[in-house]
Amino acid sequence: MKKIWPLLIIITITNLLTSYTHGKENIECERKNTNGFNMVMNQFAHNITTLWGMNEVLIAGTKDYVKYTDHYETRYQIKFDTGAITIETIVGDNPGKYLRQAIVNTILMGNDPVSIDFYSDAEVIPSSQKPFIYGQMLDNDGQPIRIKWRAATFADYMLQTRLKTSTNGLRQKWSVTIPLVLNHVDKRSNKYRGIVRKASQQYGVDQSLILAIMQTESSFNPYAVSNADALGLMQVVQHSAGRDVFKMKGKRGQPSRSYLLNPGNNIDTGTAYLAMLQKSYLGGIVNPMSRRYAVITAYNGGAGSVLRVFASNQNLAFQIINGMQPEQVYQTLSTQHPSAESRLYLSKVNNLQKNYCHCQQHTITHAVSSP
C-alpha cells in the first residue's frame, strides 16, 4: 500500500468505516454500532500517525496486506503485486524480539481473511493448517515453510543477514524485507482455480475473464479491502453488485463484510455479477467480443457509464454498438470513457485474459497429447 498523505488520511479512514458499516445486515444494529466503530477507527488513525508520523502511514489495500501489532509499534506488510514481505518495528527495547515474532506470524498466518482485524493491534495467530503464504516464499535453504521451528530458524537468519535500520522522522525503525518467489501470483491463483472453474460452469462466464479480473482487482489477495467499499478477491461492492446478486438469487438485503471476505463467496458473487452484465445489463450487444469489452469496462465503472459513451438513450446505444466492429468498440471505450481508471482497466483485463486463455489452451492441449 502506498503511503497515505496527510490530507487523505481522514478521507481514507472514513471510507473504510463506510465499507465496514455497509456490511452489517441489520440496520438497527448498524446504527447502534457505528458510533463505537467510529471511535475505534479514530483511535486507529491516531495511533499510527502519532507513532509512525504522517508520511509513514500504511493501511491495508487491494494488493497490500498491512497489520499492526505490539501497541501499533510493529507492522507487517505483504505487497502482493510486487512480491515482497516487509516487517518493521519502532520498538526500541530489543527490536529483534518483535521482528522475529512478526516474521514467524506472517509466514504462518492462515487462509481466513475474516479472522484478521486490520484496525486493532491484536496479534496474528499462526495457523495450524497450511499457511496462506506457503510456497510463495522460500527459506535460505530454498524450502517452503509450514511449521513453526522452520519459520523461527528462518527469522533468525533474516535478522542476522538482512536487518536494516533507518529513521521515520520520529523514531528509529528496524526492518526486514523477504522476497516472494518469482511466480508468486501464479501460486496464489492456483489456490482458487477449483472455485473459479465451478463458478464459470455455473454462470457461463469464461474462466480466463474471472482470473484476469481477480488479478487486476487484487492480485489474488483474499484480504483485499479498498477505500471505495470493495472487498475480497474480486473487489465486490456490498451495496451495488452484492445487492444486485442477492436480489437475483432471491435473497434480501446485501452480503455482509464477512460473507464477501470468504474467497468462495466472493468469487461466486463476482462471477454472478459478470453473468448479469453479460446476459442482462449488456445483453443487447450482439457481438460476443464487443459485449466482452463492454462487460470488462462495466465491471469497473458500471453498465450505465458504458452505454452513455455511445448514446444517452440505452436502446440507441445498443444500436450504435451493434453497428460497430469489436475493434471500434474497444477503441471507443479505451479512449472516450469518462473515467481514466475504466479506460486503463479495459486494457489491463483484456491483456491478462489473453494470457489466461493461452494457459488454459496449453493445459488442454497437453492433456489431449499426453498418453
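Please read all numbers here as calculations on a predicted model, not as lab measurements. (Residues numbered from 1 in each chain as written. Predicted model: local features only at pLDDT ≥ 70, side-chain atom pairs only at ≥ 80, totals over all residues. Heavy atoms only, no water.)

Within the protein one finds 15 helices and seven strands. Sequence-distant contacts, at least 24 apart, represent 62% of the contacts inside the protein between residues at least 6 apart. (Helix = DSSP H or I, 4+ residues; strand = E, 2+ residues; numbered from the N terminus. Contact = heavy atoms within 4.5 Å.)

Another aspect to go through is the confidence of the model for the protein. Close inspection of predicted coordinates is inappropriate for parts of the model with low pLDDT. Mean pLDDT over the protein stands at 88; residues scoring 70 or higher make up 86%. Low pLDDT, under 50, characterises residues 1-33; the predicted model gives this stretch 57 contacts beyond four residues in sequence or across chains. For the stretch residues 361-371, pLDDT sits under 50, and the model shows zero contacts to residues farther than four places along the chain or on other chains. (pLDDT = per-residue confidence, 0-100.)

Next up on the list: the sheet that holds strand β4 (residues 164-167). By definition, the strands of a sheet pair up through backbone hydrogen bonds, in either a parallel or an antiparallel sense. Reading across from one edge, β1-β2-β3-β5-β4 is the order of the five strands in this open sheet, with antiparallel pairing throughout. Strands at the two margins of the open sheet, each flanked by one partner only, are β1 (64-69) and β4. Ignoring strand direction, the axes of neighbouring strands in this sheet form an average angle of 20°. Of the pairings in the sheet, the one linking β4 to strand β5 (residues 172-179) comprises four bridges and is antiparallel in character. Paired with T165 across the strands is W174, a residue of β5. (Pairing = 2+ DSSP bridges. Axes fitted to C-alpha atoms, helices over the stretch in contact; angles between N-to-C directions.)

Before going further, it helps to examine the pairing of β1. The buried fraction of β1 is high, at six of six residues. Both faces of β1 are covered, namely the face carrying D64, V66 and Y68 and the face carrying Y65, K67 and T69. In terms of strand pairing, β1 meets strand β2 (residues 74-79) through six bridges, oriented antiparallel. When the sheet's bridge partners are listed, Y65 is paired in β2 with I78. (Buried < 20%, exposed > 50% of the residue type's maximum accessible area, 1.4 Å probe, protein only.)

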